[in-house]
Amino acid sequence: QVQLVESGGGLVQAGGSLRLSCAASGRTASSYVLGWFRQAPGKEREFVAVINWSGGTSYADSVKGRFTISRDNAKNMVYLQMNSLKPEDTAVYYCAARSYYSTPRADLYDYWGQGTQVTVSS
């Protein structure tokens with residue numbers, strides 16, 4: 001069992017930066033694949049980035065070069081550094097966890113946080 005709690009969302013102007021954090025609790029949290037997803041109003045939840053236990057990463061094309069996912073296994077934390085933010089990045093951002101391999105498919109993740117709102121003004 002893994003519990004996830006996101007923080008760091010807020011309101012930022014286009015071109016600005018935000019850093020999201022996700023605290024993972026549970027004995028084996030450091031061994032899980034951790035991903036970030038987002039959901040804008042009226043849209044489906046979409047993949048943003050994922051990192052496996054050894055640090056391997058993958059990104060959605062829409063955020064590649066602007067966002068960076070990282071993790072600190074000693075602290076059971078995963079981060080999403082978001083730079084050059086655009087209004088279309090506005091969404092609720094969710095942290096998610098699963099065992100085994102990395103995947104962009106939201107339906108394959110077992111554990112989810114409550115989400116944190118990111119709003120980018122133009």
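Everything that follows concerns the structure shown earlier in this document.
We now turn to the structure provided with this report.

Each value, and the rule that gives it
- Residues numbered from 1 in each chain as written.
- Predicted model: local features only at pLDDT ≥ 70, side-chain atom pairs only at ≥ 80, totals over all residues.
- Heavy atoms only, no water.
- Disulfide = S-S within 2.5 Å.
- Helix = DSSP H or I, 4+ residues; strand = E, 2+ residues; numbered from the N terminus.
- Buried < 20%, exposed > 50% of the residue type's maximum accessible area, 1.4 Å probe, protein only.
- Core = buried A, V, L, I, M, F, W, Y, C linked by side-chain atoms within 4.5 Å.
- Contact = heavy atoms within 4.5 Å.
- Pairing = 2+ DSSP bridges.
- Axes fitted to C-alpha atoms, helices over the stretch in contact; angles between N-to-C directions.

## Considering the state of the cysteines
When the sulfur atoms of two cysteines share a covalent bond, that bond is a disulfide.
Working step 1: Going through the model one piece at a time under the given rule, you end up with one disulfide.
Working step 2: Across the disulfide, C22 is cross-linked to C95 (sulfur-sulfur distance 2.2 Å). The S-S bond linking C22 to C95 shows a torsion near -85 degrees; that makes this disulfide left-handed. With C22 in strand β3 (residues 18-25) and C95 in strand β9 (residues 91-98), the pair connects residues that are 73 residues apart, well separated along the chain.
Working step 3: For C22, a relative accessible area of 1% gives the class buried.

## Some thoughts on the nonpolar core
Working step 1: Counting 36 residues, the largest nonpolar core has L4, W36, L80, M82 and Y93 as its most contacted members.
Working step 2: Put simply, the parts of the chain that give this core at least two residues each are β3, β4 (33-39), β5 (46-51), β7 (67-72), β8 (77-82), β9 and β11 (116-121).
Working step 3: Setting aside anything within four residues of it in sequence, one finds L80 in contact with L18, R19, L20, W36, V48, A49, F67, T68, I69 and Y93.

## Observations concerning the sheet that holds β8
Working step 1: Spatially, four strands are ordered β1-β3-β8-β7 in an open sheet, and the strand pairing comes out antiparallel. Both edges of this open sheet fall to β1 (3-7) and β7, since each of them pairs with a single strand only. Averaged over all neighbouring strand pairs, the angle between strand axes comes to 15 degrees, with direction disregarded.

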